[in-house]
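Fold and contact review
Residue-level listing of the chains:
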Amino acid sequence: MLRFASLMLCLLFTLPAFAERKESFGDLDVHYSVFNSSFLQPDIAAAAGLTRSKTGGVLNVAALKAGKNVAAKVSGQVKNLLGQSTELTFKQVPESGAVYYLAEFPMHEREVLKFSLSVQVGDGAPNTFSFDQEVFPDE
């Protein structure tokens, strides 16, 4: 599991190709990144319950309140430019004091996808935001 934690940290904070991004809501920061599932090593994907695929993407979300990782309720959807929508089902992945939320989605061609997310911490109000991401299936 230590290898998985290392991978997640790399995905969140170091690899510019994944373009980690952040939305802030007061003292709550929501970090997120999108990447191809084929980038994962087979053992890492299996440990996280993810399927490696040339036409599959992964959305990684982490919530930090006052700089500390916190559990959250994460939901959302992804839409292509034709308006076709797919609900995102997030898996909670706890790892050494951190909690990540991972959702898989299909990507069949190079395109721009619009992600709409809702992140709720505790009994607080849901925080919603959207972002666009260009994706490139693995060839």
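Right above here is the structure, for reference.
Residues numbered from 1 in each chain as written. Predicted model: local features only at pLDDT ≥ 70, side-chain atom pairs only at ≥ 80, totals over all residues. Heavy atoms only, no water.

**Some remarks on the nonpolar core**
To keep things clear, this is the line we draw: To form a nonpolar core, buried Ala, Val, Leu, Ile, Met, Phe, Trp, Tyr and Cys residues must be joined to one another through side-chain atoms within 4.5 Å. Only protein chains enter the accessibility calculation, which uses a 1.4 Å probe; a residue is then buried when its area is under 20% of its type maximum, exposed when over 50%, and partly exposed in between. Only DSSP runs of H or I covering at least 4 residues are called helices, and only runs of E covering at least 2 are called strands; the numbering of each starts at the N terminus. What makes two residues a contact is simply this: any of their non-hydrogen atoms within 4.5 Å.
Leu59, Val61, Leu88, Phe90, Phe105 and Phe115 are the most contacted members of the largest nonpolar core, which totals 26 residues. Among the secondary structure elements, those contributing two or more residues to this core are strand E2 (28–36), strand E3 (56–65), strand E5 (73–79), strand E8 (98–106), strand E9 (111–120) and strand E10 (127–135). Aside from chain neighbours lying at most four places away, what touches Phe115 is Val34, Leu59, Gln77, Val78, Leu88, Phe105, Phe129, Ser130, Phe131 and Gln133. Counting 13 residues, the second largest nonpolar core, distinct from the first, contains Val58, Ala62, Leu64 and Leu102.

**Some details on the pattern of salt bridges**
Here is the rule: Salt-bridge detection follows one rule: a side-chain nitrogen of Lys or Arg within 4 Å of a carboxyl oxygen of Asp or Glu.
Evaluated as defined, the whole model comprises 3 salt bridges. Between Glu104 and Lys91 there is a salt bridge; the shortest N-O distance is 3.9 Å. Separated by 13 residues along the polypeptide, Glu104 in strand E8 and Lys91 in strand E7 (residues 90–95) bring together distant segments of the chain. When its relative accessible area of 30% is taken as the criterion, Glu104 is described as partly exposed.

**Quick word on the pairing of E3**
For clarity, the threshold we go by: One requirement defines pairing of two strands: DSSP has to find at least two bridges between them.
Judged by how many residues are buried, E3 sits mostly within the fold: 9 of 10 residues are covered. Where E2 and E3 come together, 9 bridges link them in antiparallel fashion. The residue of E3 that forms the bridge with Val34 is Leu59. By the bridge criterion, 6 bridges tie E3 to E8 in an arrangement that is antiparallel. Bridge pairing in E8 links Val58 to Glu104. Here E3 runs beside strand E4 (residues 68–70); their pairing, made up of 3 bridges, is antiparallel. The residue bridging Leu64 from the neighbouring strand is Asn69, located in E4. The loop that links E3 with its antiparallel partner E4 comprises 2 residues; one of these, Ala66, has a positive phi angle of about 50°.

Don't take any of this as a statement about function, it's just geometry.
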